[in-house]
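Each chain, written out:
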Amino acid sequence: MPIALFSNRDYLKNGIIQAACRNLERDWPPHRHEYYELELFLSGDGYDCIDGNQHRIRRGELYLMSPISFHSVHYDEPTKLINITFPIEMCDANVLAGLFSDKSYVNCHLSDNDISFIQVIANELIDCLPGAQGASDADIGYLRGLLDCILRKVRRLSANASEMQEISPIQYAMLYIQNHFMEPLKLPEVSHVINYSPNYFNTRFKEYTGVSFKQYLSDLRFTVAKQMLERTDMSVAQISSECGFRDTSNFSTGFKQKYGLSPKFYREKKQE
């Protein structure tokens, strides 16, 4: 089964943020997004499967997924939830770095008081969403502030959250790479995002991560490709292209060097 890719262009209609309180009665097959997605379940039953981990749907369960996570949902009964989707540019990168310090998604359970807190802010967010005519800088600032309140609450509640600290330019570059790994990213482009020269950026990046920019990007793409081989029946060529590789042959060679098996045999071994 192919994994659907929900793009910013198609699912962030105003180009900024989407939010709604929804009643869902159908399953969602495996998919991922170019944006971040927050789900807070208000009622219902079923399960969320994120990156191969199955979580029971129940009131107060909250999930925050990044662009590199894979997601499917099964409902055993009609389910009500708050859903908020947004690009990295709409939130505080420090909060994201704290939330996604060691995982591709965040899961936490909220008390009734915390649910009410997020509901109030989410309702204000929904009421203030701009239409097709766009939004002023002041409107965008207000929306960012509302979203920031929600994400900071999630950071406080999440067991995965690290201590809140100002992130470095290199940490922001890592977030940027995770949000754009499907694209033909080049060193000069990413270094420009944080106003570093390419050589200085690569030196600092390797000092921080232990690997070069090129190796970090390659490792991230292979990690996502491996998950797609395990969880879909997409062809090797399709996976190669979707993960940002521009040549299927080089992808297959690199995959075998990294994991000891070709993509085809890796999939067969996982299916045994």
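Described below are features of the structure shown in this document. (Residues numbered from 1 in each chain as written. Predicted model: local features only at pLDDT ≥ 70, side-chain atom pairs only at ≥ 80, totals over all residues. Heavy atoms only, no water.)

What to know about the overall build of the protein
Here is the rule we go by: Under the DSSP-based scheme used, a helix requires at least four consecutive residues in state H or I and a strand at least two consecutive residues in state E, with every element numbered from the N terminus. With C-alpha atoms as the basis for the radius of gyration, the globule rule is written as 2.2 Å multiplied by the number of residues raised to the power 0.38. Under the scheme applied here, a residue whose accessible area is under 20% of the maximum for its type counts as buried, over 50% as exposed, and between as partly exposed, the area being computed with a 1.4 Å probe on protein chains only.
On a plain count of helices and strands, the protein comes out with eleven helices and eight strands. The C-alpha radius of gyration of the protein comes to 19 Å, within 12% of the 19 Å expected for a compact globule of 272 residues. Taken along its principal axes, the extent of the C-alpha atoms in the protein is 50 × 45 × 40 Å. Burial status across the protein gives 48% buried among its 272 residues.

Description of the packing of helix α8 (residues 213-231) against helix α10 (residues 248-259)
Cut-off, in case you're wondering: Angular values range over 0 to 180 degrees, each being the angle between N-to-C directions of two axes fitted as lines to C-alpha atoms, with helices fitted over their stretch in contact. For classification purposes, an angle smaller than 35 degrees is called roughly parallel, one larger than 145 roughly antiparallel, one from 65 to 115 roughly perpendicular, and anything else oblique. We call two residues in contact when some of their heavy atoms are within 4.5 Å. Polar here means any residue other than Ala, Val, Leu, Ile, Met, Phe, Trp, Tyr, Cys and Pro, which are nonpolar, and Asp, Glu, Lys and Arg, which are charged; Gly is therefore polar.
Here α8 crosses α10 at 90°, and the two axes come no closer than 11 Å. By the angle between their axes, α8 is roughly perpendicular relative to α10. Packed against α8, whose contacting residues are Asp 219, Phe 222, Thr 223, Ala 225, Lys 226 and Leu 229, the element α10 presents Phe 251, Gly 254, Phe 255, Lys 258 and Tyr 259 at the interface. Classifying every residue of the contact of α8 with α10 gives six nonpolar, two polar and three charged.

Some points on the packing of helix α3 (residues 112-127) against helix α4 (residues 137-157)
Spelled out, the test is: Should the near helix be turned anticlockwise from the far one by less than a right angle, the crossing is termed left-handed; should it be turned clockwise, right-handed.
The interhelical angle for the contact between α3 and α4, taken along N-to-C directions, is 160°, at an axis separation of 9 Å. One finds that α3 runs roughly antiparallel with respect to α4. Viewed along their axes, α3 and α4 form a crossing whose handedness is left-handed. Mapping the contact onto sequence places Asp 114, Phe 117, Ile 118, Ile 121, Ala 122, Glu 124 and Leu 125 in α3 and Tyr 142, Leu 143, Leu 146, Cys 149, Ile 150, Lys 153 and Leu 157 in α4. Classifying every residue of the contact of α3 with α4 gives eleven nonpolar, no polar and three charged.

Considering the pattern of salt bridges
To keep it simple, the criterion reads: One speaks of a salt bridge when a side-chain nitrogen belonging to Lys or Arg is within 4 Å of a carboxyl oxygen belonging to Asp or Glu.
This structure, assessed with the given rule, holds eleven salt bridges. With a shortest N-O distance of 3.1 Å, Lys 258 and Asp 219 are connected by a salt bridge. Taken together, the residues span a long stretch of sequence, with Lys 258 in helix α10 and Asp 219 in helix α8 at a distance of 39 residues. The class of Lys 258 is partly exposed, set by a relative accessible area of 38%. Lys 226 is the partner of Glu 230 in a salt bridge, and the nearest nitrogen-oxygen pair spans 4.0 Å.

Quick look at α8
Put simply, the test is: Between the first and last residue of a helix there are one fewer steps than residues, each counted as 1.5 Å, and that sum is the expected span.
Look at α8: 28 Å from first C-alpha to last across 19 residues, which is about the 27 Å you get at 1.5 Å a residue. Along α8, the positions that sit buried rather than exposed are Phe 213, Tyr 216, Leu 217, Leu 220, Arg 221, Phe 222, Val 224, Ala 225, Gln 227, Met 228 and Leu 229. Looking at the buried positions of α8, the neighbouring elements they touch are α5 (169-180), α6 (187-193), α7 (198-209), α9 (236-242), α10 and α11 (263-271).

Some words on the nonpolar core
Operational definition: In these notes, a set of buried Ala, Val, Leu, Ile, Met, Phe, Trp, Tyr and Cys residues joined through side-chain atoms within 4.5 Å is what counts as a nonpolar core.
If you look at the biggest cluster of nonpolar residues, it comprises 37 residues, and the most contacted ones within it are Ile 17, Leu 38, Leu 40, Ile 84 and Phe 86. The element best represented in this core is α4, accounting for six residues. Here Phe 86 is in contact with Leu 12, Ile 16, Ile 17, Tyr 35, Tyr 36, Leu 64, Cys 91, Leu 147 and Leu 151, once residues within four sequence places are set aside.

Looking at unusual backbone geometry
Of note, the phi angle at Asp 51 is positive, near 50°, even though the residue is not glycine. Here Asp 51 is to be found in the loop between β4 (36-50) and β5 (53-57). With phi around 60°, Asn 195 is a residue other than glycine that occupies positive phi space. Structurally, the position occupied by Asn 195 is in the loop between α6 and α7. The exposure class of Asn 195 is exposed, given its relative accessible area of 68%.

Quick look at the environment of Cys 108
Here Cys 108 is to be found in strand β8 (residues 105-109). Under the relative-accessibility criterion, Cys 108 is labelled buried at 6%. In this structure, Cys 108 is in contact with Gly 60, Glu 61, Leu 62, Val 154, Leu 157 and Ser 158, ignoring residues within four places of it in sequence.

Quick look at the packing of aromatic side chains
This is how the line gets drawn: In this analysis, rings of Phe, Tyr and Trp, with Trp reduced to its six-membered ring, are considered paired at centre separations within 6.5 Å, and the interplanar angle assigns stacked below 30 degrees, edge-to-face beyond 60, and tilted for intermediate values. For a ring to carry a charge above it, either NZ of a lysine or CZ of an arginine must fall within 6 Å of the ring centroid while also lying within 35 degrees of the normal to the ring plane.
What the rule picks out here adds up to 16 aromatic pairs. Measuring from ring centre to ring centre gives 4.9 Å for Tyr 196 and Tyr 200, while their planes differ by 65°; the resulting arrangement is edge-to-face. Above the face of the Trp 28 ring, Arg 26 is positioned so that its terminal group lies 4.0 Å from the ring centre.

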